[in-house]
Amino acid sequence: MSLWRLEWLRLVRTPRAIALCAVFGFFGLVEPFVTRYQQDLVRHLSHGARIQLPPATPADGLSSYVSDATFLGLVLVVVVAAAALCFDSRPGLATFLRTRAGSVRELVLPRFALSAAAAVVAYLLGTLGAWYETAVLIGSLPASGMLGGMLCGAVYLVFAVAVTALAAAMVRSVIGTIGVALAILVALPIAGAPRDVGRWLPSALADAPVSLVNGTDQLPHFGPALAVSAVATVAILAVATVRLRSREI
Amino acid sequence: MTGPLVTTSGLTRDYGGTGVFGVDLAVPGGVIYGLVGPNGAGKTTLLSLLTGLRRPDSGTISISVGRHRLAYCPDVSEFDGWLTATEVVGLALSLAGGRKRGGTACGDALASAGLADAADRQVGGFSRGMTARLGLACALVADPELLILDEPAAALDPAGRAELLGTVAGMRGSRTVIFSSHILADVQRVADQVGILREGRLLYQGSTQDLIDTYLTPCWLVRIAGDAAGFAASAARQSWVTAAEPAAGGVIRIEAASLEAGERGIPALVASCGARLAAMEPASADLESAFLALTGVAG
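Here the residue index of a chain counts from 1 through its sequence in written order. Both sets of labels track the order of writing: A upward for chains, 1 upward for ligands. Thresholds applied to this predicted model are a pLDDT of at least 70 for local features of residues and 80 or more for the giving and counting of side-chain atom pairs; totals over whole chains, interfaces and linings are not thresholded and use all residues. Think of the side-chain values as coming from all heavy atoms in the structure, minus any hydrogens and water.

What's the story with the nonpolar core in this structure? I'm lost.
One recurring pattern in soluble globular proteins: nonpolar side chains tend to sit buried together. Core analysis: the largest hydrophobic core is formed by 98 residues, its most contacted members being Phe24(A), Tyr65(A), Phe96(A), Val89(B), Leu134(B) and Val141(B). The secondary structure listing takes helices from DSSP runs of H or I that are at least 4 residues long and strands from runs of E that are at least 2 residues long, numbered from the N terminus. Per element, the largest residue contribution to this core is 14 residues, and it comes from helix α7 (residues 143-170) of chain A. In what follows, residue pairs with any heavy atoms lying within 4.5 Å of each other are defined as contacts. Apart from the residues within four sequence positions on either side, Tyr65(A) is in contact with Phe24(A), Phe27(A), Gly28(A), Glu31(A), Tyr123(A), Gly126(A), Thr127(A) and Ala130(A). Only buried residues count toward a nonpolar core. Its members are Ala, Val, Leu, Ile, Met, Phe, Trp, Tyr and Cys residues joined through side-chain atoms within 4.5 Å. Categorising residues by exposure relies on relative accessible area from a 1.4 Å probe, with only protein chains included: less than 20% of the type maximum marks a residue as buried, more than 50% marks it as exposed, and the intermediate range marks it as partly exposed.

Right, dumping it as structure tokens:
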């Protein structure tokens, strides 16, 4: 029983993996459907009032999915990651792990890696579902834009898990960690409101799939954000590990 | 018993008046060392410093075994509830770098902790006592050279406590055990060496029996053939007697100023009174009495 297997069991033996796949999968399958039939739904619910919506485009189908995935999906990813990374929230468990593991890095790395991997897999499954559903119901999406968007979304989720690790190194409780991590992730788009600044921030990657699919931007436009996210993820993990190492139980 | 396996020098961790202060610990190899003290005396802080969970403000710690040869069992063990007992112990073995001990190590450790029947159960459903036993199994699985137990019997029922103390006593000579407890009878039963902490300071360190001998009030229960009340009155007038009073069953309880004074004086006093000495035995000598004499507080 290694620490890597422990994290695998944490995902599959608790509802974590199922919850991630279910949420992203649900949005991936439902949002394009709702987008395709929103005119009919509005007509049915408007009790006779005439409301005319523009015809749904393939980009709209993906946009709806991305909107939900970057909000509710992100919250769930942070919750799942926090539950794994807050090993100091229970003193008895922290003592068991810390007095036996060779280093704090041994504890952090599997928890980060498997939480991030689970988030990315769930996100990709949801995105593939949205891609398929959109293609069937509304119209085809450009493959290059979709693949680029999936790359950007996945990198952003990995960054979000790293931010959660940092939050776990700042506060001990799971609830506190979730709050701090979400506050940081919400603050980033605000800080990046000016476009010249925003394109360098990881938060720019959250909406990248929509921009890439509707042609507003090309993948190189997100190069700075991808690079900053990759570097920041490594740096944040290093800082989190140092902070966790210096923490007393 | 060999040279010190664990030593500390001037170990201090100050939490604003509480903590540990200037502790010079010396734990010989192969002994069972009982760390006793009232609540808040600093026992858990001292053990946390030894295991590296906390850092000292000053002082040094020297432990002559590698990190993987040390196992610590906290007073409240916690584990991920969705793991089975075997998986938890397997994780402990793996983290201690003990994979090569073979496939029976986990089962043996669980059996020695009395959890063989619960090996495949998820630990989330364990009682507090079972969780404490699981903590002990995790500590034992890697065959540590130094085992540190913080209040190991606190969550156990009387039968479980007796079993645990038997297990600890059986480790004498094969590994070094440091265990803290506020149950002095437990410490007296198994500990060769004892350290007494009070308000963060080590008041006594040495052999358990020496502590009892040194700090116990010299006291005897004397039975004579003759006038017990008159003998008690005569004894009370002796300069070396600090207290003499009749007890139940014709026994006289005599406290002396020193061990020697009592052992020499009581037979002489019996003879001078013209009585015959039927019995003379020391009042029960236990660690609790010595602890109270040393600290002046309840444990």
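Still more to cover.
Would you mind going over the sheet that holds strand β11 (residues 219-225) of chain B with me for this structure?
The strands making up a sheet associate through backbone hydrogen bonding, with each pair oriented either parallel or antiparallel. Residues and elements named next belong to chain B. The criterion for strand pairing is that DSSP finds at least two bridges linking the strands in question. Pairing is antiparallel in the open sheet, where 4 strands are placed in the order β12-β13-β11-β14. Every interior strand has two partners, whereas the edge strands, β12 (241-246) and β14 (276-282), have only one. Adjacent strand axes in the sheet meet at a mean angle of 25°, parallel and antiparallel pairs treated alike. Across 5 bridges, the pairing between β11 and strand β13 (residues 251-256) is antiparallel. Its bridge partner being in β13, Val 222 is matched across the sheet by Ile 252. Here an angle of 0 to 180 degrees is reported between the N-to-C directions of two axes, which are lines fitted to C-alpha atoms, with helices fitted over the stretch in contact.

When you look at the sheet that holds strand β10 (residues 201-207) of chain B in this model, what are you seeing that I'm missing?
Residues and elements named next belong to chain B. Spatial ordering of the open sheet is given by β6-β7-β8-β4-β9-β10, a layout of 6 strands whose pairing is mixed. The open sheet has two edge strands with one neighbour each: β6 (70-73) and β10. The average angle at which neighbouring strand axes cross in this sheet is 15°, direction not considered. Across 5 bridges, the pairing between strand β7 (residues 146-150) and strand β8 (residues 176-181) is parallel. Note on β8: the bridge partner recorded for Leu 146 is Thr 176. Each of β4 (32-36), β9 (193-198) and β10 touches helix α10 (residues 287-295); the most contacted strand, β9, lies at about 40° to it.

Mind showing me how you'd approach unusual backbone geometry here?
Peptide bonds are mostly trans, and most non-glycine residues show a negative phi. Residues and elements named next belong to chain B. Phi is positive for Asp 143, close to 50°, though the residue is something other than glycine. Using a relative accessible area of 34% as the deciding quantity, one classes Asp 143 as partly exposed. Positive phi values are uncommon outside glycine, yet Glu 151 reaches one of about 45°. With respect to the element layout, Glu 151 can be found in the loop between β7 and α5 (158-169). Glu 151 sits in the buried class, given a relative accessible area of 12%.

Looking at this model, I keep getting lost on the side chain of Ser48(B). Mind explaining?
Its place among the elements puts Ser48(B) in helix α1 (residues 43-51). Apart from the residues within four sequence positions on either side, Ser48(B) is in contact with Leu53(B), Arg54(B) and Tyr72(B).

Looking at this structure, how should I read the packing of helix α2 (residues 85-95) of chain B against helix α3 (residues 105-112) of chain B?
Helix-helix packing is described using two parameters, namely the angle between the two axes and the distance between the axes. Residues and elements named next belong to chain B. Contact geometry of α2 with α3 gives a least axis separation of 9 Å together with a crossing angle of 115°. Viewed along their axes, α2 and α3 adopt a mutual orientation that is roughly perpendicular. Considering how the two elements wind past one another, α2 and α3 form a crossing that is right-handed. Contacts between α2 and α3 pair Ala 85, Thr 86, Val 89, Gly 90 and Leu 93 from the former with Ala 105, Cys 106, Ala 109 and Leu 110 from the latter. Within the contact of α2 with α3, the residues separate by chemical class into 7 nonpolar, 2 polar and no charged. Each angle receives one of four descriptions, namely roughly parallel if under 35 degrees, roughly antiparallel if over 145, roughly perpendicular if within 65 to 115, and oblique otherwise. Crossing handedness is defined as follows: a turn of the near helix away from the far one that is anticlockwise and smaller than a right angle gives a left-handed crossing, while the clockwise case is right-handed. Residues are grouped as follows: Ala, Val, Leu, Ile, Met, Phe, Trp, Tyr, Cys and Pro are nonpolar; Asp, Glu, Lys and Arg are charged; all remaining types, including Gly, are polar.

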